[in-house]
Amino acid sequence: MFRFLACLLFVSYLSCVLAAVTVYGPTGAERPTSASWGAGPSATKGDTSWLDAYNAYNNVQLQPPPLPNPLPSTDFVINVPLQAQNMPGLSIPQRGDFFGFSIEMSVVEQVIGKNASFIQVPFLNLLASVAERAGSVRIRVGGNSQETATLVDSLPNNTMIQKDNVNGASATAGQTPMLLYTSELLYLLSNVSSLVNAKWYLGIPMNDTSHLRLQIAEAGDAILGDNILGYQVGNEPDLYASHGHRPPDYNETDYFNEFGVVVNAVQQDQKIINKNKLVAPSLQGQWTPADLFATGFLGAYASSLDVIAMEHYPDQNCAAEFPDGGFGPIKDPQTVFAEYLTHSSGQGIVSAYLNTSSIAQQLGKEFVMFETNTASCGGFPGVSDSFGAALWAVDYGLQMAYSNFTGALLHVGGQNVSYNPFTPPPTNLSLFDQWSVGPIFYSTLFIAEALGTTNTSRVVDLSANGGNEFTPAYAIYEEQALARIALVNYMNSQDGVGNYTVELSIGGVQVGEPNDTPTQVKVKYLLAPSVSEKEQITWANQTFGGRFQADGRLSGTEVIQTISCNQGANTCQIPVPAPGAALVFISNDAQSSTDPPTLTFSTTAVTKAVETLQVASSVLATSNGHSGKDLPLAATSKGSSGGANALGVPLALCLTSLVMGAALLLP
């Protein structure tokens, strides 16, 4: 009898662990047959043949571009004043949380959490690593999927989000299934903010302005309160026509009129508290800001706008993602790789927005690149997930800050994109594997430490080395004095060639100041063996680990180089490896002010309900393999349909029953 009970309990346990496994593919949940990914290869522990089927885990590694010919000078001088008043061309004051994240609404369950009590611990750790350096972190939940999203009271089986393929919507170019969600999503975001200083942007659906759905703003204000930054109205409206969401002749005037419908509805909705926190127009590039503004957009709606937003990707890989979408021939990642390894890339992107940046300052508005990354339609495998992309993002981010953007959000998509800053493992491998942190995530740490937490940092592009495109440099002034220097080396070392050394000189007669070079400076390096490297990446000698190895915490001993300066010559010699980026701290205060305390979250699940129970990590390791469809998880919003009461059994009693059941089998 004892053996029978033991076997029965073990079989029941396996049934709970292995039943209803959900694999999340590029269009959402997929039901595998046995251990297979639909028609794809098997995804089993030890077998990596399936990786290439999903861009987030691709094995593409490109050849680094050759060294530029002619080679730029590898020994050059940077002479800057100590006082901000003597440095022309400084940006407006910038915040440390300049870089944030844009998370596609349809992947919230995989990335952020299953519900308000089941939050992804690696996600919390990753946010904490940014927030500790920047003071906070800005996150947008939305994207294309926000346009068809509808808030409902409840969903079957207590799920939080459900895709509804109405009207035959499918994974073709520009087609997004309808998204249904409950208020549990907003409680989830609120609970994240209670643990990490995270602030949120959400989106008001624009797919049907004749029947507006403002519930997300009503519930967002009520549940998230001060943690709401704003509500986007229209995601890339200049693409509505090409995506089939509006008539072919839809234009700027049409959007002007529809935006006015939303503004009026928001003003009349007594449940919406934040009536002047709208985010728009979020153009992708088919319309110019000037053409939209010519309709009188800003004059009519400035009082309702908090953020003037744009969205931009410097390239697209749509032909590979949608072969029948009319995007022409597929682009070769090896061919486009070199286009990202140059200072002119970031300069070219921001040049189209300099006038809009000036207008935003005049109106006293934030100017945010609301969605960006290396390339749309999932990015380029081998490019978007390379160390080169991290260097590109450092340069691009600082160029935006210098050009008076006030923030930029790096987009996070599903498992069929290669540009993700972070990606959870496929659900049926979460028993074995951890998350993957993309190279571009490291750029968010670099930017956060470069700008600091005082919100007074002003940035200037130094046009270093004669304005050479492979050796960009920036100065960051904080509290009216030079605080940090950022140096980037896009070159890939060949037999030691490509490394460069900066002779840094602070003050002096050349800038009309006394010599002010300190006795020493400190330097943190962002490094990898090559620009094409995908995993061996370090920030100050620390790393998140390789693919499927990240729990969101940096590992390794932090190494901060101390470089002695020659005050007699008023110089410091700063080496910058090829490839790499260096952040030079001019004073101990400039470095210590960006050194974060260690705040991490352990691998235990803690409920936020009336009863709080800790679950051992060994148990948690088996919990991620289940979908919300058949095994609902508890929610923390009191009275929520996802709470333990929905099961008709108190949570503590459920766990106690399991423990007692096991105890009966003890000899």
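All values reported here derive from a predicted model rather than from experimental measurement.

Overview of the overall build of the protein chain
Here comes step 1: In terms of helices and strands, the protein chain carries 18 helices and 29 strands.
Here comes step 2: For the protein chain, buried positions account for 57% of its 667 residues.

A few points about the sheet that holds strand β9 (residues 161–164)
Sheets are built from strands that pair by backbone hydrogen bonding, the pairs being arranged parallel or antiparallel.
Here comes step 1: The sheet built from three strands is open, its strands ordered β8-β10-β9 with mixed pairing. Here the strands that pair on one side only, and so sit at the sheet edges, are β8 (149–151) and β9. Strand-to-strand, the axes of this sheet are offset by a mean angle of 25 degrees, without reference to chain direction.
Here comes step 2: The pairing of β9 with strand β10 (residues 178–181) spans four bridges and is classified as antiparallel. Paired with I161 across the bridge in β10 is Y181.

Digging into the side chain of T406
Here comes step 1: Structurally, T406 is set in the loop between α13 (387–402) and β16 (407–412).
Here comes step 2: Polar side-chain contacts of T406 include one of 2.6 Å to the side chain of E366.
Here comes step 3: In contact with T406, not counting residues within four places along its chain, are I92, Q94, F98, R138, E366, F367 and V368.

Here's the deal with the sheet that holds strand β4 (residues 99–104)
Here comes step 1: Taking strand neighbours around the barrel as the criterion, the eight strands line up as β4-β7-β11-β12-β13-β14-β15-β16 in a closed arrangement whose pairing is parallel. Each neighbouring strand pair of the sheet contributes to a mean axis angle of 30 degrees, computed without reference to strand direction.
Here comes step 2: The pairing of strand β11 (residues 198–204) with strand β12 (residues 228–233) spans five bridges and is classified as parallel. Bridge assignment links Y201 to a residue of β12, and that residue is G230.

Looking at the state of the cysteines
Here comes step 1: One pass over the structure, following the stated rule, counts two disulfides.
Here comes step 2: Between the sulfur atoms of C318 and its disulfide partner C377 the distance amounts to 2.0 Å. Between C318 and C377, the S-S torsion sits near 75 degrees, and that sign places the bridge as right-handed. A residue pair is termed long-range when its members are at least 10 positions apart, and C318 in helix α9 (residues 318–321) and C377 in the loop between β15 (366–372) and α13 qualify at 59 residues.
Here comes step 3: For C318, a relative accessible area of 7% corresponds to the buried category.

Describing unusual backbone geometry
Here comes step 1: With an omega of 5 degrees, the peptide bond running from A280 to P281 counts as cis.
Here comes step 2: The omega torsion of the bond from A578 to P579 falls at -5 degrees, within 30 degrees of zero and hence cis.
Here comes step 3: Turning to its location among the elements, P579 is positioned in the loop between β26 (572–576) and β27 (580–585).
Here comes step 4: Located in the positive-phi region is N404, a residue other than glycine, with phi close to 70 degrees.
Here comes step 5: The residue N404 is located in the loop between α13 and β16 in this model.

Examining the packing of helix α3 (residues 121–134) against helix α14 (residues 439–451)
Here comes step 1: Interhelical geometry of α3 versus α14 gives an angle of 20 degrees and a closest axis separation of 8 Å. Taken together, the axis directions place α3 and α14 in an arrangement best described as roughly parallel. Relative to α14, the crossing made by α3 is left-handed. The residues of α14 that touch α3, namely those facing L126, S129, V130, R133 and A134, are F441, T444, L445, A448 and E449.
Here comes step 2: Tallied by class, the residues present in the contact of α3 with α14 amount to six nonpolar, two polar and two charged.

Some thoughts on the confidence of the model for the protein chain
Here comes step 1: Chain-level pLDDT for the protein chain is 85 on average; 78% of the residues reach the 70-or-more range.
Here comes step 2: Scored below 50 in pLDDT, residues 1–43 shows 75 contacts in the model against residues more than four places distant or in partner chains.
Here comes step 3: When the criterion is pLDDT under 50, residues 604–667 qualifies, and its contacts beyond four places in sequence or with other chains add up to 107 contacts.

Considerations on the packing of helix α4 (residues 184–195) against helix α5 (residues 215–224)
In helix packing, the relevant descriptors are the interaxial angle and the interaxial distance, both defined with respect to the helix axes.
Here comes step 1: Contact pair α4 / α5: the axes reach a minimum separation of 10 Å and the direction vectors enclose 35 degrees. Taken as a pair, α4 and α5 cross one another with a handedness that is right-handed. The segment α4 lies against α5, with L186, Y187, L189 and S190 engaging I216, A219, G220, I223 and L224.
Here comes step 2: Within the contact of α4 with α5, the residues separate by chemical class into seven nonpolar, two polar and no charged.

What about the pairing of β26?
Here comes step 1: The alternating pattern of β26 places C572, I574 and V576 on a buried face, while none of Q573 and P575, on the opposite face, is buried.
Here comes step 2: Here strand β22 (residues 500–506) pairs with β26 via five bridges, running antiparallel. Residue pairing for β26: V502 is matched across the bridge by I574.

Points about the packing of aromatic side chains
Here comes step 1: Counted according to the given criterion, the structure contains 27 aromatic pairs.
Here comes step 2: When the centroid spacing of 5.1 Å and the interplanar angle of 40 degrees are considered together, the rings of F256 and Y301 count as tilted. Here the residue F256 occupies a position in helix α6 (residues 252–268), and Y301 occupies one in helix α8 (residues 297–301), the gap between them amounting to 45 residues. In this structure, F256 and Y301 share a single accessibility class: buried.
Here comes step 3: Members of the aromatic cluster, joined through ring pairs, are Y240, Y250, Y255, F256, F259, W287, F297 and Y301.

Quick notes on helix α12 (residues 354–363)
Here comes step 1: Among the residues making up α12, those that are buried are T356, S357, I359 and A360. Relative to the axis of α12, the buried residues are bounded by an arc of 160 degrees and lie together on one face. The outward face of α12, more than 90 degrees from its buried face, is lined by the exposed residues N355 and Q362.
Here comes step 2: The inward-facing, buried residues of α12 contact α7 (289–293), α8, β14 (305–312) and β15.
Here comes step 3: Immediately downstream of α12, the backbone of G364 shows phi near 70 degrees, a positive value.

Here's the deal with the side chain of E218
Here comes step 1: Inspection of the secondary structure puts E218 in helix α5.
Here comes step 2: The charged side chain of E218 is buried without a salt bridge, its nearest counter-charge being K271 at 4.6 Å.

Quick word on the nonpolar core
Here comes step 1: Of all hydrophobic cores here, the largest spans 163 residues; its most connected members are I112, F297, L487, L504 and I574.
Here comes step 2: When residues in this core are grouped by element, the largest group, ten residues, is from α13.
Here comes step 3: With near-sequence residues (within four places) excluded, I574 lies in contact with L487, Y500, T501, V502, L504, V521, V523, Y525, I563 and V584.
Here comes step 4: Membership of the second largest hydrophobic core comes to eight residues, among which are L229, V279, V368 and L409.

Cut-offs applied
- Residues numbered from 1 in each chain as written.
- Predicted model: local features only at pLDDT ≥ 70, side-chain atom pairs only at ≥ 80, totals over all residues.
- Heavy atoms only, no water.
- Helix = DSSP H or I, 4+ residues; strand = E, 2+ residues; numbered from the N terminus.
- Buried < 20%, exposed > 50% of the residue type's maximum accessible area, 1.4 Å probe, protein only.
- Pairing = 2+ DSSP bridges.
- Axes fitted to C-alpha atoms, helices over the stretch in contact; angles between N-to-C directions.
- Polar contact = N/O pair within 3.5 Å; in protein donor to acceptor, adjacent residues only side chain to side chain.
- Contact = heavy atoms within 4.5 Å.
- Disulfide = S-S within 2.5 Å.
- Parallel < 35°, antiparallel > 145°, perpendicular 65-115°, else oblique.
- Left-handed = near helix turned anticlockwise from the far one by under 90°.
- Nonpolar A, V, L, I, M, F, W, Y, C, P; charged D, E, K, R; others polar.
- pLDDT = per-residue confidence, 0-100.
- Phe/Tyr/Trp six-rings, centres within 6.5 Å; stacked < 30°, edge-to-face > 60°.
- Arc of directions from axis to C-beta.
- Lys, Arg positive; Asp, Glu negative; His and termini not counted.
- Salt bridge = Lys/Arg side-chain N within 4 Å of Asp/Glu carboxyl O.
- Core = buried A, V, L, I, M, F, W, Y, C linked by side-chain atoms within 4.5 Å.

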